[in-house]
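A structural walkthrough
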Amino acid sequence: MSHPLPRPLEITPSGPLHGAVTVPGDKSISHRALMFSALAVGESRIEGLLEGEDVLATAAALRAMGATIEAGTDGVWRVHGVGVGGLLQPGGALDMGNSGTSTRLLMGLVASHPISATFIGDASLSKRPMGRVIEPLSRMGADITASPGGRLPLMVRGLCPAVPIEYLLPVASAQVKSAVLLAGLNTPGITRVIEPIATRDHSERMLRGFGAELSVEETSQGRIISITGEAELKPQSIVVPGDPSSAAFLVVAATIVPGSDILVANVGLNPTRAGLFAALRMMGANISEENPRIVGGEPVADLRVRHAPLSAIEVPAELAPSMIDEYPVLFVAAAFAEGRTVARGAHELRVKESDRIAAMAAALGACGVGVEEYEDGAAIQGNGGGPITGGATIATHLDHRIAMSMAVAGLAAKNALTIDDVSPIATSYPTFLETLGALKGTNSVRIS
């Protein structure tokens, strides 16, 4: 999956944001819906699937391993699975594009099947270390040959039957947890993952829905997730809620742009994903939940967001796992707060699509914001609600969340800022710029 030519973006200050919008389907749930459907026997139906590049990379890889996956004209995706243990040898390398989730979870699937798969990705993904997944999967018997530093390209040679393990997560990571659980699906016996700090639990919820024998026990060590192998998954009808990570950008935009009042419909509010909204409310954001409901086993609501003055806080470290992808846009919100916001406990940001701490420190610093960088976060000196200076060209490092975060910052800047490349936005939120334009009702977003 080659990276397209850069598409620069110029953003000029915006008037108030108004209107009601929806966000694309949740990326984490979309990946898992495809994978579990591919391992069920029969046809599963998926509504609301995120059709971004990352999820499409997962679909292409599963097709290469035998699943039939089709997008219907009615917006419903239909997946005919091969059954647990039924994955086929792919005919060529699996191109993961920019998707770390696709890579790590699919490595788990391959690890306990009698096949080999080579994983490749774009320049950004090829810099991301996979060692934290390689270690437990190797303990289960998979033979993994990686590039220096545990990076892509890498080859996974699965072992069948694999060896069940009990694995204590050294760092909070839903991707590592899910990779081990997925490997455990086709492993005889019981595979256990112990997580001292709870991470997003979409895999556990959905695996139970597909019929896997999975239990979760709260202990003094943390959560112990146990899965019984050689499972038989049953096809399901899945409705994917809106992605809270995508909604985060619109929520912060409405919060920092004076006079704004928007409704973001159908947002997934799984407690393991809603940390940003909790942090913003602590800062004084005006976010209300309307029409709360359960969709596909996940809590969902419509978010009404009005502009509000923000006050600096020290972000509780325990919120980090539930907002790890939202730290960049939280840094933007902090730039418009009164006082100095400190957000730490997020070492994981150093090994995302980019080093998000360094990238955001540089981006906000270029726009006149005072930022002190820590190994696990940053302190941001807010400007009390007035516009930031802007006027800079922002390096996104092929990272969709850096691009979208700084697009939001540009809405409340004194001077137009330029984002060097908005192409990566398509990995998670292909309609982001159009949605932002609709809320603004102006032509302040221009792609050159």
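Residues numbered from 1 in each chain as written. Predicted model: local features only at pLDDT ≥ 70, side-chain atom pairs only at ≥ 80, totals over all residues. Heavy atoms only, no water.

1. Looking at the side chain of Arg-128
Cut-off, in case you're wondering: Counting from the N terminus, the helices are DSSP H or I runs at least four residues long and the strands are E runs at least two residues long. Each residue's exposure class comes from its accessible area (1.4 Å probe, protein chains only) as a fraction of the maximum for that residue type: buried when under 20%, exposed when over 50%, partly exposed otherwise. Here a polar contact is recorded for every N or O atom pair within 3.5 Å, except that within protein the pair must consist of a potential hydrogen donor and a potential acceptor, and residues adjacent in sequence are included only if both atoms are side-chain atoms. Contacts between residues were defined by any pair of non-hydrogen atoms, one from each residue, lying within 4.5 Å.
Residue position: Arg-128 is located in the loop between β7 (116–120) and α4 (131–139). A relative accessible area of 4% means that Arg-128 is categorised as buried. Looking at Arg-128, its side chain comes within polar contact range of the main-chain oxygen of Lys-352, at 3.4 Å. Among residues more than four places away in sequence, those in contact with Arg-128 are Asn-98, Gly-100, Arg-104, Gly-150, Arg-151, Val-351, Lys-352 and Glu-353.

2. Observations concerning the packing of aromatic side chains
Filter applied, for reference: A pair of Phe, Tyr and Trp rings is counted when the ring centres sit within 6.5 Å of each other, with Trp represented by its six-membered ring. The angle between the planes then sorts it: under 30 degrees is stacked, over 60 is edge-to-face, the rest tilted. Cation placement over rings: the criterion is NZ of Lys or CZ of Arg within 6 Å of the ring centroid and within 35° of the ring normal.
Considering all chains together, one arrives at four aromatic pairs under this definition. Relative to Phe-432, the ring of Phe-249 lies with its centre 6.0 Å away and its plane at 70 degrees, an arrangement referred to as edge-to-face. In this pair, Phe-249 sits in helix α7 (residues 244–256) while Phe-432 sits in helix α12 (residues 432–440), placing the two residues 183 residues apart along the sequence. Their ring planes at 80 degrees and their centres at 6.0 Å tell us that Tyr-327 and Phe-331 sit as a pair that is edge-to-face. Here Phe-331 and Tyr-327 lie together in helix α9 (residues 327–335), a separation of four residues that amounts to about one turn. Here the aromatic residues Phe-249, Tyr-429 and Phe-432 are joined through ring pairs into a cluster of three or more. One Lys or Arg, Arg-344, reaches over the ring of Tyr-374 and ends 4.0 Å from the middle of that ring.

3. Re the pairing of strand β5 (residues 76–82)
Successive side chains on a regular strand alternate, one facing one side of the sheet and the next facing the other. Keep this limit in mind: Two strands pair if DSSP finds at least two bridges between them.
The sheet contact formed by strand β3 (residues 41–47) and β5 spans seven bridges and is antiparallel. Residue pairing in the sheet places Arg-45 in a bridge with Arg-78 of β5. Note: strand β4 (residues 68–71) against β5, four bridges, orientation antiparallel. Considered in β5, the bridge of Thr-68 is made with His-80. Between β4 and β5, which pair antiparallel one after the other, the connecting turn spans four residues, and Gly-75 there sits at a positive phi close to 85 degrees.

4. A closer look at the sheet that holds strand β6 (residues 94–95)
With mixed pairing, four strands are arranged side by side in an open sheet as β6-β7-β9-β8. Because the sheet does not close on itself, it has two edges, and the strands there are β6 and β8 (143–147). Note that β7 and strand β9 (residues 151–157) share four bridges and pair antiparallel. By the bridge assignment for β9, Phe-119 is matched with Leu-154.

5. Brief notes about unusual backbone geometry
The omega torsion of the bond from Leu-152 to Pro-153 falls at -5 degrees, within 30 degrees of zero and hence cis. The topology assignment puts Pro-153 in strand β9. Here Cys-160 and Pro-161 are connected by a cis peptide whose omega angle stands at 5 degrees. By the secondary structure assignment, Pro-161 is in the loop between β9 and β10 (166–168). If you check the backbone angles, Asn-266 has positive phi at about 60 degrees while not being a glycine.

6. Notes on the packing of α9 against helix α10 (residues 356–366)
Under the convention used in this document: Comment: axis = line fitted to C-alpha atoms, over the contacting stretch for helices; angle = value between 0 and 180 degrees taken between N-to-C directions. Note on terminology: angles under 35 degrees are roughly parallel, angles over 145 are roughly antiparallel, angles of 65 to 115 are roughly perpendicular, and the others are oblique. If you view the pair so one helix is near and one far, a crossing is left-handed when the near helix is turned anticlockwise from the far one by less than a right angle, and right-handed when it is turned clockwise. Amino acid classes used here: Ala, Val, Leu, Ile, Met, Phe, Trp, Tyr, Cys and Pro are nonpolar; Asp, Glu, Lys and Arg are charged; the rest, including Gly, are polar.
Following both chains from N to C, one finds α9 and α10 inclined at 30 degrees, their axes separated by 10 Å at the closest point. The angle between α9 and α10 falls in the class roughly parallel. Taken as a pair, α9 and α10 cross one another with a handedness that is right-handed. Judged by residue contacts, Pro-328, Phe-331, Val-332 and Ala-335 of α9 engage Arg-356, Met-360 and Leu-364 from α10. Considering only residue class, the contact of α9 with α10 consists of six nonpolar, no polar and one charged.

7. Some words on α7
Heads up, the rule is: By this rule the span expected of a helix is its residue count minus one, scaled by 1.5 Å.
Its 13 residues give α7 an end-to-end C-alpha distance of 18 Å, which sits within 8% of 18 Å, the value for a rise of 1.5 Å per residue. Here α7 lies mainly inside the structure; 13 of its 13 residues are buried.

8. Examining the pattern of salt bridges
Test applied: Should a side-chain nitrogen of Lys or Arg be within 4 Å of a carboxyl oxygen of Asp or Glu, the pair is scored as a salt bridge.
Counted under the stated rule, the structure contains 27 salt bridges. Residues Arg-223 and Glu-204 are paired through a salt bridge, measuring 3.3 Å at the closest nitrogen-oxygen approach. Placement of Arg-223 in strand β13 (residues 222–228) and of Glu-204 in helix α6 (residues 202–209) is noted, with a sequence separation of 19 residues between them. Per residue, the accessibility class of Arg-223 equals that of Glu-204, and both read buried. Note that Arg-304 is salt-bridged to Asp-261, the shortest N-O span being 2.6 Å. One end of the pair, Arg-304, is in strand β17 (residues 298–306); the other, Asp-261, is in strand β15 (residues 261–268), and 43 residues separate them in sequence. Note on Arg-304: relative accessible area 23%, which makes it partly exposed. Overall, Asp-261 belongs to the partly exposed group, its relative accessible area being 23%. Among the charged side chains, a network of salt bridges with common partners joins Arg-200, Asp-325, Lys-352, Arg-356, Asp-399 and Arg-401.

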